[in-house]
Amino acid sequence: MSLVWRRAQRALCLEMFSPRILKTRPSLSLGVSWPSVTKLGLHTKPRMPPCDFSPERYQSLAYDHVLETHRQHLSPVVTAYFQKPLLLHQGHMEWLFDSEGNRYLDFFSGIATVSVGHCHPKLNAVAQKQLGRLWHTSSVFFHPPIHKYAEELAALLPEPLKVIFLVNSGSEANDLAMLMARAHSKNSDIISFRGAYHGCSPHTLGLTNIRTFKMKLLSGMGCQSTMCPDVFHGPWGGSHCRDSPVQTIRTCSCAPDCCQAKDQYIEQFKDTLNTSVASSIAGFFAEPIQGVNGVVQYPKGFLKEAFELVRERGGVCIADEVQTGFGRLGSHFWGFQSHEVLPDIVTMAKGIGNGFPMAAVVTTQEIAKSLAKCLLHFNTFGGNPMACAIGSAVLEVIKEEKTQENSQEVGTYILLKLAKLRDEFDIVGDVRGKGLMIGIEMVQDKMSRRPLPQEEVNQIHEDCKDMGLLLGRGGIFSQTFRVVPPMCITKPEADFAVEVFRSALIQHMERRAK
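Given the structure is predicted, the values throughout are model-derived calculations rather than measurements.

The rules behind the values
Residues numbered from 1 in each chain as written. Predicted model: local features only at pLDDT ≥ 70, side-chain atom pairs only at ≥ 80, totals over all residues. Heavy atoms only, no water. Pairing = 2+ DSSP bridges. Helix = DSSP H or I, 4+ residues; strand = E, 2+ residues; numbered from the N terminus. Axes fitted to C-alpha atoms, helices over the stretch in contact; angles between N-to-C directions. Buried < 20%, exposed > 50% of the residue type's maximum accessible area, 1.4 Å probe, protein only. pLDDT = per-residue confidence, 0-100. Contact = heavy atoms within 4.5 Å. Phe/Tyr/Trp six-rings, centres within 6.5 Å; stacked < 30°, edge-to-face > 60°. Lys NZ or Arg CZ within 6 Å of the ring centre and 35° of its normal. Domains from an automatic or database assignment. Buried area = accessible area lost by both parts, 1.4 Å probe. Salt bridge = Lys/Arg side-chain N within 4 Å of Asp/Glu carboxyl O. Polar contact = N/O pair within 3.5 Å; in protein donor to acceptor, adjacent residues only side chain to side chain. 1 Å grid on protein atoms, 1.4 Å probe; cavity = no way out; pocket = protein on both sides within 12 Å on 5 of 7 lines; lining within 4 Å. Points joined across faces, edges and corners; volume = space filled by probe spheres on them. Nonpolar A, V, L, I, M, F, W, Y, C, P; charged D, E, K, R; others polar.

### Overview of the sheet that holds strand β5 (residues 190-193)
So, point 1. Read from one edge of the open sheet, seven strands run β4-β10-β9-β8-β7-β5-β6, paired in mixed fashion. Each of the sheet's edge strands pairs with one partner strand only, and the pair in question is β4 (163-167) and β6 (223-226). Each strand of the sheet is rotated relative to its neighbour by a mean of 20°, with strand direction disregarded.
So, point 2. Here strand β8 (residues 316-320) runs beside strand β9 (residues 345-348); their pairing, made up of three bridges, is parallel.

### Concerning the sheet that holds strand β2 (residues 95-98)
So, point 1. Sheet architecture is open: four strands sit in the order β1-β2-β3-β13, paired in mixed fashion. Strands at the two margins of the open sheet, each flanked by one partner only, are β1 (88-92) and β13 (469-470).
So, point 2. Looking at chain direction, β2 and strand β3 (residues 103-106) are connected through three bridges and run antiparallel. Within β3, the position partnered with Phe97 by the bridge is Arg103.

### Regarding the environment of Ser139
So, point 1. When you line up the elements, Ser139 lands in the loop between α5 (121-131) and α6 (144-154).
So, point 2. Measuring from C-alpha to C-alpha, the distance between Ser139 and Asn379 comes to 7.6 Å, with 240 residues separating the pair along the chain.

### Re the pairing of β2
So, point 1. Residues Trp95 and Phe97 line one face of β2 and the alternating positions Leu96 and Asp98 line the opposite face, and both faces are buried.
So, point 2. The sheet contact formed by β1 and β2 spans four bridges and is antiparallel. Opposite Leu88, over in β2, you have Asp98 as the bridge partner.
So, point 3. What sits between the antiparallel neighbours β1 and β2 is a turn of two residues, in which Met93 has the positive phi angle 55°.
So, point 4. The turn joining β2 and β3, which pair antiparallel and follow one another in sequence, is formed by four residues; a positive phi near 90° is taken by Gly101.

### A word on the confidence of the model for the protein chain
So, point 1. Averaged over every residue, the pLDDT of the protein chain is 91; the share at 70 or more is 92%.
So, point 2. When the criterion is pLDDT under 50, residues 8-41 qualifies, and its contacts beyond four places in sequence or with other chains add up to 71 contacts.

### Remarks on the packing of aromatic side chains
So, point 1. On inspection of all chains with the given rule, the structure shows 15 aromatic pairs.
So, point 2. The interplanar angle of 45° and the centroid separation of 5.8 Å between the aromatic rings of Phe193 and Phe302 together place this pair among those described as tilted. Placement of Phe193 in strand β5 and of Phe302 in helix α9 (residues 302-312) is noted, with a sequence separation of 109 residues between them. Of the two residues examined, Phe193 and Phe302, each falls in the buried class.
So, point 3. Aromatic rings pair up to connect Phe193, Phe269, Phe284, Tyr298, Phe302 and Phe307 into one cluster.
So, point 4. Above the plane of the ring of Phe232 lies Arg449, whose end atom (NZ or CZ) is 5.9 Å from the centre.
So, point 5. Its end group placed over the ring of Phe82, Lys465 keeps NZ or CZ at 5.2 Å from the ring centre.

### A short note on the domain arrangement of the protein chain
Reports of interface size often rely on the accessible area that becomes lost once the parts have come together.
So, point 1. Per the domain assignment, the segments of the protein chain are domain 1 (79-120 + 403-513) and domain 2 (121-401).
So, point 2. Taking both partners together, domain 1 and domain 2 bury about 3900 Å²; carbon and sulfur atoms supply 55% of that area.
So, point 3. The three residues of domain 1 that bury the most area against domain 2 are His120, Lys434 and Met437, which together make up 22% of that side's buried surface.
So, point 4. Inspection of the domain 1/domain 2 interface yields two salt bridges.
So, point 5. A salt bridge links Lys434 to Asp243; its shortest N-O distance comes to 3.1 Å.
So, point 6. At the surface where domain 1 touches domain 2, the tally comes to 31 residue pairs in polar contact (both at pLDDT 80 or more).

### Description of the layout of surface pockets
So, point 1. For the second largest pocket, the calculated volume is near 540 Å³.
So, point 2. Lining the second largest pocket are 18 residues, with Ser139, Ile146, Ile164, Phe165 and Leu166 positioned closest to its centre.
So, point 3. Elements with a contribution of two residues or more to the lining of the second largest pocket: α6, β4 and α11 (365-374).
So, point 4. Broken down by element, the lining of the second largest pocket gets its largest block of residues, four residues, from β4.
So, point 5. Considering only residue class, the lining of the second largest pocket consists of 13 nonpolar, five polar and no charged.

### Digging into the environment of Glu499
So, point 1. As for its placement among the helices and strands, Glu499 is situated in helix α15 (residues 491-513).
So, point 2. Given a relative accessible area of 14%, Glu499 falls into the buried group.
So, point 3. Counting along the chain gives 389 residues from Glu499 to Gly110, while the straight-line C-alpha distance between them is 22 Å.

Next comes the structure, spelled out in structure tokens:
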């Protein structure tokens with residue numbers, strides 16, 4: 001079902017109400033503008049847009065049974081959102097349904113993973129067809145899906161990035177990229193930004209520089225952190241730094257084509273090269289936009305200069321596109337293109353398979369041969385027939401339904417609306433991002449930029465969920481809301497999301513006043 005048809009279908013259903021929506025969340029036609037929170041009343045839930053899908057009735061494990069099973073048999077690490085974690089039952093495009101029949105607008109996409117929509121009909125059909133044909137072989141045999149997918153993916157990357165290694169997760173991809181960088185350069189030191197997240201495997205933990213993911217035990221040898229050029233929280237930043245429709249509220253005297261903050265951060269990067277690593281290095285990892293750290297953007301031009309400095313030291317440059325790739329940023333298919341750089345290695349996962357376990361490392365023939373000389377690289381499940389068939393279908397949907405263009409249009413629309421909330425509420429310190437990768441940083445006040453206490457952010461998060469909106473979290477102190485919806489999202493749904501968030505902010509200010 002194309003995105004254009006879905007929009008048209010919704011427009012024809014002005015008076016339709018989904019039988020699955022709770023009475024507390026009636027649907028609203030596209031032809032009606034969203035009422036303001038003040039008109040609704042402070043505790044009235046904004047009304048949801050319609051949904052043309054009715055989920056099955058939940059008939060599986062009881063909620064208490066799920067909680068007890070989780071306590072006894074699953075990881076004790078607390079990762080679930082909310083005081084009462086959601087038990088999700090079914091998904092359809094941008095919507096999720098829980099075991100109690102509640103409907104939610106998904107603005108986090110399973111941590112930036114569902115790229116073209118939950119259970120997209122085309123992907124479902126392709127997966128079912130491949131299930132009936134061939135599930136698994138391994139790379140010791142050939143099968144058409146892997147060769148078809150490799151050709152399609154290679155066509156989307158510039159020369160000389162044409163050699164593809166298929167794996168199963170972003171951590172695996174970055175693990176392999178680290179090995180490639182060291183094999184090719186014959187050096188050990190790898191640099192990454194503070195605040196970076198590149199995985200949670202024993203090796204990638206060295207690249208990941210967020211306290212939550214750091215261990216007291218030795219891990220990730222040969223990795224060195226450098227200052228993140230964060231123009232909102234860092235020592236330098238101004239009003240022209242970011243490649244975004246929304247800039248920081250910090251002021252500067254820079255001309256639009258010049259960035260003194262970028263120059264200062266480059267000096268810090270040089271200092272790392274001169275003091276913290278060997279004279280020759282293996283490489284430098286960078287997310288085009290930091291995801292887990294709360295959608296942090298760098299000054300324009302920074303990565304281009306940093307890449308040049310790394311190559312002068314014999315290192316290779318790795319773009320981690322796990323969260324930014326496949327058109328999510330709108331203006332470009334790959335995040336590195338928005339920085340006008342050409343990496344030596346690109347890693348990708350998450351949106352590559354729309355939720356199916358799949359990832360890839362793409363590099364040059366030269367670097368691939370360097371790896372082959374020192375390692376017989378093998379991956380049992382990487383590039384399996386199911387993953388490759390689904391990966392090809394994801395690429396087809398992105399092209400046919402113009403989801404990259406939709407990310408640009410709807411993402412910019414959301415950013416500009418959220419910027420108005422930043423101007424309205426002192427606790428909204430920063431709104432940033434590009435396309436459908438957006439961060440909303442919550443602060444105690446704009447002057448100090450100190451993070452809003454976690455218990456207060458948690459309550460705003462809960463309030464949004466109770467009104468039918470699921471947001472992600474990020475940042476060193478979990479102070480940033482992450483907006484990373486499926487790329488099929490529409491403007492009326494964006495209106496609903498912003499209205500819900502504004503209502504949650506008003507409720508928070510009312511609690512604070514008491």
